[in-house]
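# Summary of the model geometry
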Amino acid sequence: MGDVAADMTSTDQFEAHRSLLTGVAYRMLGRIADAEDVVQDAWLRWTAEDRAEVREPRAYLVRITTRLAIDRLRQAHVRREAYVGPWLPEPVTTDLGSAVPDSAERAMLAESVSFAVLVVLESLSPLERAVFVLREAFGFPYAEIAAVLDRGEAAVRQLAGRARRHVDERRPRFDVDQAERRALTEQFLAAAGGGDLDALLRLLAPDVRLVGDSGGKAKAPLRIVAGADKVGRFLSAVSEGAGLFEFRIAEVNGAPAVLAHTGGKLDLVLQLEVADGVITCVYIMRNPDKLSGVIVE
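Described below are features of the structure shown in this document.

Reading the values: rules and limits
- Residues numbered from 1 in each chain as written.
- Predicted model: local features only at pLDDT ≥ 70, side-chain atom pairs only at ≥ 80, totals over all residues.
- Heavy atoms only, no water.
- Helix = DSSP H or I, 4+ residues; strand = E, 2+ residues; numbered from the N terminus.
- Buried < 20%, exposed > 50% of the residue type's maximum accessible area, 1.4 Å probe, protein only.
- Pairing = 2+ DSSP bridges.
- Contact = heavy atoms within 4.5 Å.
- Axes fitted to C-alpha atoms, helices over the stretch in contact; angles between N-to-C directions.

### Regarding unusual backbone geometry
The phi dihedral of Asp-150 is positive, around 55 degrees, even though this residue is not glycine. By the secondary structure assignment, Asp-150 is in the loop between α9 (142-149) and α10 (153-170). A positive phi is found at Asp-276, a non-glycine position, where the angle reads about 55 degrees. Secondary-structure assignment places Asp-276 in the loop between β5 (265-275) and β6 (278-285). The exposure class of Asp-276 is exposed, given its relative accessible area of 60%.

Rendered as structure tokens:
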């Protein structure tokens, strides 16, 4: 293994791990642009490193990327406090079905990038978030996470337990049956797009929530809308302009989502949380700065 690594160029070694590094950074930060910046910074540190001293390139690169993401996460906390309206993670196009045929592994990866989980991760401390991402999303051993964070293994286990309990307590329940979720998304699109309030209300849980993220740069609620009647009437009202959009359903953050284009440009991404056959949360992303990660051919 060492001879193979020695034969690889520094660029080859880095590129072999780029997908992993971007995945860690995105789950840590919730934005593709920030994740790519962190990975670029990791690359610069990698090129400046005496690689003869690096025994395990993967472990070294994950350590650098995670620490850079923690630093950026601490800085982002201040920016988030000044953010206009609710903050949601940046949606990204995923296609886990073809790349990950195993249903159990696919479900785990889909959950790790779901809006529901990423929103809850926002309430964790940077260290808790790092431990949760490395352990739950990528299956890193506790000893390796301890080395990444320069902490004792016992302390890392405590962080992991606290993070997992926090996520389990706050994460909304949702069905993992993607076929049912897509069917419900199609029914929702037909009811909302047609302005059919009665049909829409039948799809909504009584305590459904609608969370819109515009960053103050597009029209979206500046507060969370709660309750089936309020959410239904809001969606019914905005459906009057549905004729201006071209809609399609694609996989975003591991689950079906509605993409709305106007004038050939993506205007919004809408995704549903589903539990017990009804919609429990509607996420609407309209901040134009956060739509670049959704690429559909």
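Back to the text.
### A short note on the environment of Ala-116
Along the chain, the position of Ala-116 falls in helix α7 (residues 115-121). Assessed through its relative accessible area of 5%, Ala-116 is described here as buried. With 157 residues separating them in the primary sequence, Ala-116 and Glu-273 have C-alpha atoms 7.6 Å apart.

### Overview of the sheet that holds strand β3 (residues 246-252)
Reading across from one edge, β2-β1-β6-β5-β4-β3 is the order of the six strands in this open sheet, with mixed pairing throughout. At either end of the open sheet lies a strand with only one pairing partner, and these are β2 (225-226) and β3. Looking at chain direction, β5 and β6 are connected through seven bridges and run antiparallel. Paired with Ala-275 across the strands is Val-278, a residue of β6. Packing against the sheet, helix α11 (residues 178-193) makes contact with β3, β4 (255-262), β5 and β6, and its axis sits at approximately 120 degrees to β5. Contacts from helix α13 (residues 228-238) reach β1 (204-213), β2 and β6 within the one sheet, and its direction differs from that of β1 by about 50 degrees.

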